[in-house]
Amino acid sequence: MTLAKSFSISRQMVWAAYLQVKASKGGPGYDNEDMQKFEEDLKNNLYKIWNRMASGTYFPPPVLQVEIPKANGGVRKLGIPTISDRIAQAVVKQYLEPIVEPHFHEDSYGYRPNKSALQAIAQARIRCWRDDWVLDLDIKSFFDTIDHKLMMVAVRKFTDCPWALLYIERWLKADVVTKNGELHKRSIGTPQGGVISPLLSNIYLHLTFDSWMKMKYPCVHFERYADDIVIHCRSMKQLEMIKGKLEVRFTQCKLALSVEKTKVVYCKDNNRKESWETIASAFDFLGYTFRPRIVRGKDKEFFVSFCPAISNKAAKNIRHTIKKVWKLKSRISMELKDLAVAFNPAIQGWINYYSRFHGSALYSGVIDYLNTTLMKWAMQKFKNLRRRPARAGVWLKQIQIQDPDLFAHWRFSMTGKDRLIRAV
């Protein structure tokens with residue numbers, strides 16, 4: 001006999017949520033329980049989640065706060081829920097997402113099914129060619145300053161489901177615990193890193209920004225990826241008007257624009273002859289820098305176009321990963337094939353993302369550095385190559401010619417630009 005529950009949450013919903021969390025391969029929360037440990041008593045653990053959620057007695061445990069260094073010297077605070085709490089959040093997400101998704105704006109790209117950052121970049125590129133001006137918006141500490149009451153008002157615009165509202169409110173108020181064990185109450189904000197957080201942030205900004213822009217200024221286009229927003233304007237006058245209206249709008253929604261990071265940009269190219277010495281001519285969006293670049297047209301003539309390529313910041317972060325995280329140069333106990341197996345997934349991911357637009361910038365910023373690091377690895381590993389970079393380059397080039405599929409960036413070099421490792 002099955003006892004009646006307060007809420008209509010099925011065991012199948014919990015099982016589907018578990019599969020989603022398992023596929024995401026996240027680390028443990030404050031309780032230090034990883035997926036392998038959770039699965040040692042899988043049936044009982046999933047039953048506890050279902051039983052508590054269906055009866056209304058589920059209360060989220062504290063969220064582990066982890067600080068990730070930023071390139072500008074600050075830190076980004078991530079909140080890592082426990083495995084069980086991630087599954088509980090996924091239950092609510094799989095209920096709520098299909099309800100809100102049809103209402104979202106077509107130019108909202110972050111954390112949505114069938115939407116991607118590359119789509120946002122492609123759309124921004126086209127609109128930068130059309131419109132002369134860009135307003136690069138930065139919301140000050142967005143995830144840390146979301147108002148809980150306004151968030152619940154926003155969620156209620158889409159659903160009156162009692163259990164979804166109950167648990168969302170509890171997650172918003174869940175305690176935060178630091179790595180040294182300090183417990184902090186939270187009355188504002190939603191931590192980055194939770195399963196439900198991206199969906200909640202999209203709901204908040206949909207009503208704060210997307211739908212407001214569509215209602216007030218339907219002819220002004222934008223791209224939004226989470227809290228990264230680029231607005232395209234036809235004139236400086238239009239941009240200043242939009243900026244002033246948005247400052248008021250965000251204040252009404254208890255958010256603020258960053259004065260230091262919000263930027264006015266003139267999309268200068270061959271057809272735009274005006275000179276604006278005090279106005280920026282470049283902006284960063286989703287790991288790409290948009291700026292004037294010399295490109296070759298279909299008629300093979302060169303001209304200046306305002307277009308994206310991998311940003312210096314993104315290239316620097318990748319080089320840091322190769323040098324400091326992978327410590328590739330010092331892995332002399334590994335064979336070349338072992339290095340390829342270990343690092344090809346990440347290399348291929350970089351290529352897939354950063355070679356889509358102006359891919360040649362990926363060579364100078366990343367691929368040449370990666371090849372140079374492999375040469376240094378060879379000089380460390382083999383005595384006959386030590387202090388002989390030219391010989392190491394020739395050795396590596398020969399391997400690349402014989403086996404171009406060994407490393408992901410070698411395939412890209414051979415087929416994309418016909419560019420081999422240079423002996424230096």
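Quick look at the structure, then. Only a predicted model underlies this, so the values are computations on that prediction, with no experimental measurement involved. (Residues numbered from 1 in each chain as written. Predicted model: local features only at pLDDT ≥ 70, side-chain atom pairs only at ≥ 80, totals over all residues. Heavy atoms only, no water.)

A word on the nonpolar core
Counted only if it meets this: As used in this record, nonpolar core signifies buried Ala, Val, Leu, Ile, Met, Phe, Trp, Tyr and Cys residues forming a set joined through side-chain atoms within 4.5 Å. Three exposure classes are used, based on accessible area relative to the maximum for each residue type with a 1.4 Å probe and protein chains only: buried under 20%, partly exposed in between, and exposed over 50%. Residue contacts are counted whenever heavy atoms from the two residues lie within 4.5 Å of one another.
Judged by nonpolar contacts, the single largest core of 69 residues is most densely connected at Ile9, Ile87, Trp163, Ile231 and Leu246. When residues no more than four places from it in sequence are discounted, the contact partners of Ile9 are Val14, Trp50, Met53, Ala54, Val91, Trp163 and Tyr167. The next biggest cluster of nonpolar side chains, apart from the first, holds 58 residues, and it includes Cys267, Ala315, Phe343 and Phe407.

Focus: the packing of helix H3 (residues 42–55) against helix H4 (residues 83–100)
Rules: Note on geometry: axes are C-alpha line fits, over the in-contact stretch for helices, and angles between N-to-C directions span 0 to 180 degrees. Helix and strand definitions here come from DSSP, where helices need a minimum of 4 consecutive H or I residues and strands a minimum of 2 consecutive E residues; each element is numbered from the N-terminal end. Angle categories are assigned with fixed cut-offs, so that under 35 degrees is roughly parallel, over 145 is roughly antiparallel, 65 to 115 is roughly perpendicular, and the rest are oblique. Two helices cross in a left-handed way if the nearer one is turned anticlockwise from the farther one by less than a right angle. They cross in a right-handed way if the turn is clockwise. All residues other than Ala, Val, Leu, Ile, Met, Phe, Trp, Tyr, Cys, Pro, Asp, Glu, Lys and Arg, Gly among them, are scored as polar; the first ten of these are nonpolar and the last four charged.
Between H3 and H4, the shortest axis-to-axis distance is 10 Å and the interhelical angle comes to 50°. Our classification of the angle between H3 and H4 gives oblique. When you trace H3 past H4, the crossing you get is right-handed. Note on element contacts: H4 touches H3 through Ser84, Ile87, Ala88, Val91 and Val92, opposite Leu46, Ile49 and Met53. When grouped by side-chain class, the residues that make up the contact of H3 with H4 number seven nonpolar, one polar and no charged.

Some words on the pattern of salt bridges
For clarity, the cut-off: Whenever Lys or Arg places a side-chain nitrogen within 4 Å of a carboxyl oxygen from Asp or Glu, that contact is recorded as a salt bridge.
All chains considered together, the criterion is met by 14 salt bridges. Glu39 is the partner of Lys22 in a salt bridge, and the nearest nitrogen-oxygen pair spans 2.9 Å. Of this pair, Lys22 sits in helix H1 (residues 11–24) while Glu39 sits in the loop between helix H2 (35–38) and H3, and the two are 17 residues apart along the sequence. For Lys22, a relative accessible area of 37% puts it in the partly exposed group. In this structure, Arg127 engages Asp107 in a salt bridge whose closest nitrogen and oxygen atoms are separated by 3.1 Å. Here the residue Arg127 occupies a position in helix H5 (residues 117–130), and Asp107 occupies one in the loop between H4 and H5, the gap between them amounting to 20 residues. Classification of Arg127 as buried rests on a relative accessible area of 9%. Among the charged side chains, a salt-bridge network with shared partners connects Asp107, Arg127 and Glu223.

Section: a positive patch on the surface
Put simply, the rule reads: Residues enter a patch when their relative accessible area is above 30% and they make no salt bridge; the linking distance is 9 Å between like charges and 5 Å between nonpolar side chains (Val, Leu, Ile, Met, Phe, Trp, Tyr). Accessibility throughout is a Shrake-Rupley quantity obtained with a 1.4 Å probe, and a residue counts as covered only by protein chains that appear here. The positive count covers Lys and Arg only, the negative count covers Asp and Glu only, and His and the chain ends enter neither. All charge positions are set by atom: Lys at NZ, Arg at CZ, Asp at CG, Glu at CD.
A cluster of basic residues, Lys323, Lys324, Lys327, Lys329 and Lys376, forms a positive patch on the protein surface. Mapped onto the secondary structure, Lys327 falls in the loop between helix H11 (312–325) and helix H12 (336–354).

Examining helix H13 (residues 360–381)
Which entries qualify depends on this criterion: Here the expected length of a helix is defined as 1.5 Å per residue gap, with one fewer gap than residues. To obtain the bend at a residue, axes are fitted to the seven residues ending there and to the seven starting there, and the angle between these axes is taken.
Across its 22 residues, H13 extends 30 Å between first and last C-alpha, which sits within 8% of the 32 Å expected from 1.5 Å per residue. By the largest-angle criterion, Val366 marks the main kink of H13, which is about 40°. Taking burial as the measure, the 22 residues of H13 include 16 buried ones, the bulk of the element.

A short note on the state of the cysteines
This is how the line gets drawn: Note on terminology: pairs of cysteine sulfur atoms within 2.5 Å are recorded as disulfides.
Using the criterion set out here, one finds zero disulfides in the structure. Left without a disulfide partner, Cys128 is nearest to the cysteine sulfur of Cys267, which lies 4.1 Å away. For Cys267, a relative accessible area of 0% corresponds to the buried category.

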